[in-house]
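Structural characterization, general
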Amino acid sequence: MTRDGAPAHPAGPLRELLVAGVLCNDAGLAEQDGVWGITGDPTEAALLVAARKAGLDEHALRKAAPRLDEIAFDSARQYMACLNQLDGRHVVLLKGAPEVILSRCTHMLDGDGSAVPADTDAVVSVGRAMARDGLRVLAFAQVEVEGGPLDAAQLAGGLCFLGLQAMLDPPRQAALRAIASCAGAGVGVKMITGDHADTALAIARELGIAAEGDKVLTGRQLAALDDAGLCAAVREVDVFARVEPEQKLRLVQALQANGEVVAMTGDGVNDAPALKAANIGVAMGAGGTEVAKDAAAMVLTDDNFATIEAAIEEGRGVYDNLVKFIIWTLPTNFGEGLVILFAVLAGVTLPITPLQILWINMTTAVLLGLALAFEPIQRDVMARPPRAPGTPILDGVLIRRIVLVGLLLLVAAFGLFLRWRGLGASLEEARTVAVNVFVAGEIAYLFNCRNLRGPFWRCGWWSNPWFWGGIGAMVLLQALFTYLPVMNRVFASAPISLAAWLEIGTAALATALVVGLEKRLSQGR
């Protein structure tokens, strides 16, 4: 520990301040395999580290001044108090928000340890300067009492102010990037904290949540707003400081009343109501309480905000792949149904038998459709605005594409079936051509489904090995379906000529080109 660049040896008021930080504290430090770790709240652990750097051992101090009673920290009260037996006296030590502690102090210690009238204005000025630098500031005070038990009424006034301790919790670079990514994805981030307004605003600006000139609302200001006023405020303000637990719940409800989908993060018992009320409650898994975890819908194992951004990206990717599979599989089933329906209505021979349809569905769904589930997340997924919750999975554009592909498969399969029957091919050969038209058309259409908003090559030619593996396996199975005698007997198929394969390939390519043209036209490009 240094002061003005020189080693500091705590004595007098400085030692009193550091001792108060140790005794009015529930955290602990432990070294294991040469690595220091903490138990309890990180803010309290920082107070222990400061004392350690000054040569004070928390274990010895706590043994010499045992705790007799305590008043636990509460967000509404904004302070913690403990009663300790210190040098034969009963001393109450307080730790909490500077404005709360100072309001109870009548005197303070000067440089030589003498009691002088409290210079509240000077302390407030120093505390605010620290807060504007993004430091979390805690104030400490003490008062001597006759004995226990500890009563909050004893702490209403007459305390001796010991000093301020400030600490910096620098934002992680990953959090900075995650917040910027969320902003680009249309996900608004709001800060709700119990810190001082100046501290909250400084950190919010550093994180990119707030800009110069943005306002911060405190819990006291929130309490003065009715529900309508609060709904208006949450549309304009992104930083809320000195917020009480019930106000977190009100903020969640106000955002929801504005039509927002709300994800709430928290770790304490007091966060549980807001976590439960949010559309998605996100609890901290490493430092969070069990109550918070039980109330949340999701638990972060690493307590890292960047994980939330990664979860949003992953969720959008999973949704994209789900839509890709649906938009691929529906036209094929639609086309198969149209072929059967058209044949029945026209009174002609079925181009594909029910068993052959079963073959198509079983093989293509596994080898082709499931390959779409392994498509990598597209690079622009976090540059899109959020999808409204009530939006249907299939919009007008996708429904039009389903109908188009179904009709293309109908025309190609039925047309080539009739053509080869007219050329004198057997019924088995013509049906084999129709089956292969469907499979080849589905393979060609699979390329279009890799990217619903643009050319498939933007996804990367080799970014999904399952895609090419599925196509290769499907081609092999169709070769067996067409030329293996045992398959010919089971499925009533037959070998076909190279000319037939050329026409099948042409029909599949035409399907892919027509769908690609429709995609460009639907996007106005």
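In this report, we go over the structure that sits alongside the text. It should be emphasised that the depicted structure is a prediction, and the values quoted were computed from it without experimental measurement.

Turning next to the overall build of the protein chain. A tally of helices and strands in the protein chain yields 19 helices and 17 strands. Its C-alpha atoms give the protein chain a radius of gyration of 35 Å, more than 25% over the compact-globule value 24 Å for 525 residues. Buried residues in the protein chain amount to 46% of all 525 residues. Long-range pairs, those at least 24 residues apart, make up 63% of the contacts in the protein chain between residues at least 6 apart in sequence. Counting only carbon and sulfur atoms, one obtains 61% of the accessible surface of the protein chain, whose full area is about 25600 Å².

Within strand β10 (residues 136–145), eight of the ten residues are buried, leaving the element largely enclosed by the surrounding structure. Across seven bridges, strand β7 (residues 89–96) lies against β10 in antiparallel orientation. Each bridged residue has a counterpart across the sheet, and for L93 the counterpart in β10 is Q142.

Here the focus is the packing of helix α15 (residues 396–422) against helix α16 (residues 427–449). In contact at an axis separation of 8 Å, α15 and α16 are set at 155 degrees when each is read in the N-to-C sense. Taken as axis vectors, α15 and α16 run roughly antiparallel relative to one another. Where α15 crosses over α16, the handedness of that crossing is right-handed. The residues of α16 that touch α15, namely those facing R401, V405, L409, A412, A413, L416, F417, W420 and R421, are L427, A430, R431, V433, A434, V437, F438, G441 and Y445. For the contact of α15 with α16, the residue count by class is 14 nonpolar, one polar and three charged.

The subject of this paragraph is the sheet that holds strand β5 (residues 67–71). As summarised here, the arrangement of the seven strands in space is β5-β6-β7-β10-β11-β8-β9, forming an open sheet in which the pairing is mixed. Each edge of the open sheet carries a strand with a single partner, namely β5 and β9 (115–117). Across the sheet, the axes of successive neighbouring strands diverge by a mean angle of 35 degrees, strand direction being ignored. Summarising the sheet, β10 and strand β11 (residues 159–167) pair through seven bridges and their orientation is antiparallel. Its bridge partner lying in β11, V137 is registered against A166. Contacts from helix α2 (residues 42–53) reach β6 (79–86), β7, β10 and β11, with the element oriented near 100 degrees to β11. The strands that helix α5 (residues 120–132) touches are β8 (105–109), β10 and β11; relative to β11, the one it contacts most, it runs at about 15 degrees.

Turning to a nonpolar patch on the surface, a few remarks are in order. Residues L355, L358, M362, L476, L480, L484, V486 and V490 make up a contiguous nonpolar surface patch of roughly 690 Å² in combined accessible area. Breaking the nonpolar patch down by element, the ones donating at least two residues are α14 (354–367), α17 (465–483) and α18 (485–491).

What follows concerns the pattern of salt bridges. For the structure on display, the rule yields 20 salt bridges. Here D271 ties to K248 by a salt bridge, and the two come within 2.5 Å at their closest N and O atoms. Note that D271 is positioned in the loop between β15 (263–266) and α11 (272–277) and K248 in helix α10 (residues 245–257), a separation of 23 residues in sequence. Close ionic contact of R384 with D320 constitutes a salt bridge, the shortest N to O distance being 2.8 Å.

Checked against the element boundaries, R316 lands in helix α13 (residues 305–346). Counting along the chain gives 60 residues from R316 to Q256, while the straight-line C-alpha distance between them is 21 Å. Not counting residues within four places of it along the chain, the set of residues in contact with R316 comprises A185, V187, V381, M382, R384, P385 and P386. At 3.0 Å, the side chain of R316 and the backbone oxygen of V381 are in polar contact.

Along the chain, T363 turns up in helix α14. Given a relative accessible area of 9%, T363 falls into the buried group. In this structure the side chain of T363 is engaged in a polar contact, spanning 3.4 Å, whose partner is the backbone oxygen of I360. Dropping the residues within four chain positions of it, T363 is found in contact with L368, M474 and L477.

The next subject is the environment of V262. Mapped onto the secondary structure, V262 falls in the loop between α10 and β15. Given the relative accessible area of 7%, V262 is considered buried. The sequence separation of V262 and L251 amounts to eleven residues, and the corresponding C-alpha distance is 10.0 Å.

Note on aromatic pairs: each is described by the distance of the centres and the angle between the planes. Applying the stated criterion across every chain, the model contains eleven aromatic pairs. Seen from their ring centres, F447 and W468 are 5.6 Å apart, and the 70 degrees between their planes marks the pair as edge-to-face. One end of the pair, F447, is in helix α16; the other, W468, is in helix α17, with 21 residues separating them in the sequence. The buried category is assigned to F447, whose relative accessible area is 18%.

Calculation rules
- The residue numbering used here restarts from 1 in each chain and proceeds along that chain's sequence as written.
- Whole-chain, interface and lining totals are the exception, using all residues; otherwise, since this is a predicted model, local features are given only for residues with pLDDT of at least 70 and side-chain atom pairs are given and counted only at 80 or more.
- Neither water nor hydrogens contribute to the side-chain values; these are computed over all heavy atoms in the structure.
- Numbering of helices and strands starts at the N terminus; helices are DSSP runs of H or I of at least 4 residues and strands are runs of E of at least 2.
- Restricting the calculation to C-alpha atoms gives the radius of gyration, and the globule rule supplies 2.2 Å times the number of residues raised to the power 0.38.
- Each residue's exposure class comes from its accessible area (1.4 Å probe, protein chains only) as a fraction of the maximum for that residue type: buried when under 20%, exposed when over 50%, partly exposed otherwise.
- We call two residues in contact when some of their heavy atoms are within 4.5 Å.
- The accessible surface values rely on the Shrake-Rupley method and a 1.4 Å probe; as for residues, cover is taken only from the protein chains in view.
- Two strands qualify as a pair provided that DSSP identifies no fewer than 2 bridges between them.
- Axis definition: a line fitted to C-alpha atoms, over the contacting stretch in the case of helices. Angles run 0 to 180 degrees between N-to-C directions.
- Angles below 35 degrees are treated as roughly parallel, those above 145 as roughly antiparallel, those between 65 and 115 as roughly perpendicular, and all remaining angles as oblique.
- Crossing handedness is read from the near helix: turned anticlockwise from the far helix by less than a right angle, it gives a left-handed crossing, and turned clockwise, a right-handed one.
- Classes in brief: Ala, Val, Leu, Ile, Met, Phe, Trp, Tyr, Cys and Pro nonpolar; Asp, Glu, Lys and Arg charged; the others, Gly included, polar.
- Patches here are clusters of residues that have more than 30% relative accessible area and form no salt bridge, with a 9 Å joining cutoff for like charges and a 5 Å cutoff for nonpolar side chains (Val, Leu, Ile, Met, Phe, Trp, Tyr).
- Think of a salt bridge as a Lys or Arg side-chain nitrogen and an Asp or Glu carboxyl oxygen that are within 4 Å of each other.
- What qualifies as a polar contact is a pair of N or O atoms within 3.5 Å, subject to a donor-acceptor requirement within protein and to the restriction that residues adjacent in sequence count only when both atoms come from side chains.
- In this scheme Phe, Tyr and Trp rings, the latter by its six-membered ring, pair at centre separations within 6.5 Å, and the angle between planes marks the pair as stacked below 30 degrees, edge-to-face above 60, and tilted otherwise.

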